[in-house]
Amino acid sequence: MAFVVILAAGSGTRFGADHPKQLVKISGKTLLEYSLETFDQHPQIKGITVVSSKSCLDVIREISLSKFNKVSSVIVGGETRSESSYLGIQQIKESNNPKVLIHDVARPFVSVDIITRCIDALDSFDAVSAAVPSSDTLFEVNDGNVVSIPDRASMMNAQTPQGFRHETILGAYQKFNDRQSVLPTDDCGIISMFSPETSIGIFEGSQTNIKITFPSDLVYAQTLSQEVK
């Protein structure tokens, strides 16, 4: 069994809409509802914590608690993604070092298969991430200049969910200072920085497990909503 933290506290500044991204609708359902529905129906998920922005708390609480039986709490997140993750992780009070999945609400098309692969991968690793092969050439850039071009064959694009043993991710966050100059952009980054002895495993993600970042992403998402659900 596993617990889930769904991060729905982002401000969505890059999205540029006049309402929060997590409440944008695709085919009549909000991004939040897509993720909640899939996790709520998965037989190996025991409980779900939703981390909300303060401005959306009432709406997100209504959606989460009225429709989804496994949602145990809806809390206000922090000023950064990392702080929101930490607050969500702290809500899990199980004493048997459970499996914890962390998922971005901006990836509405997470599948049952991806969730299962994440949970299973935690039998072999204490930290894991969904990932897909990189299809683009990657540049490392400094001051507008390309300083290196990594071998694409060894590069993968990370996705969520990412999974952890509770003690592992909690311990890494307890060492984390949210005011440091360089902030990790995901939870595996916290492990890499503050628990470097922990191996991070990879499991197969999906090209349809897209992240909604810009309004133009909604066009593709509208098509996917008819295909993957």
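Some points on the packing of aromatic side chains
Line of reasoning, step 1. One pass over the full model with this rule turns up four aromatic pairs.
Line of reasoning, step 2. For the ring pair Y34 and F109, a centre distance of 5.5 Å and an interplane angle of 80° mean the geometry is edge-to-face. Linking Y34 in helix α1 (residues 31-41) with F109 in the loop between β6 (99-104) and α4 (112-121), this pair joins segments that are 75 residues apart in sequence. Across the pair, exposure class does not vary: Y34 and F109 are buried alike.
Line of reasoning, step 3. Ring centres of Y173 and F176 lie 5.8 Å apart, and the angle between their planes is 85°; this geometry places the pair in the edge-to-face category. Note on accessibility: Y173 and F176 belong to one class, buried.
Line of reasoning, step 4. Members of the aromatic cluster, each reached through a chain of ring pairs, are Y86, Y173, F176 and F194.

Side note on α4
It helps to recall that an α-helix has 3.6 residues per turn; residues three or four apart then point in one direction.
Line of reasoning, step 1. Three or more residues of α4 are buried, namely I114, I115, C118, I119 and A121. Taken around the axis of α4, the buried residues stretch over an arc of 165°, which confines them to a single face.

Remarks on the environment of L36
Line of reasoning, step 1. Residue position: L36 is located in helix α1.
Line of reasoning, step 2. Assessed through its relative accessible area of 0%, L36 is described here as buried.
Line of reasoning, step 3. Considered as a pair, L36 and E79 are 43 residues apart in the sequence and their alpha carbons are 23 Å apart.

Rules behind the numbers
- Residues numbered from 1 in each chain as written.
- Predicted model: local features only at pLDDT ≥ 70, side-chain atom pairs only at ≥ 80, totals over all residues.
- Heavy atoms only, no water.
- Phe/Tyr/Trp six-rings, centres within 6.5 Å; stacked < 30°, edge-to-face > 60°.
- Helix = DSSP H or I, 4+ residues; strand = E, 2+ residues; numbered from the N terminus.
- Buried < 20%, exposed > 50% of the residue type's maximum accessible area, 1.4 Å probe, protein only.
- Arc of directions from axis to C-beta.

Remember, this is a structural readout, not a statement about activity or role.
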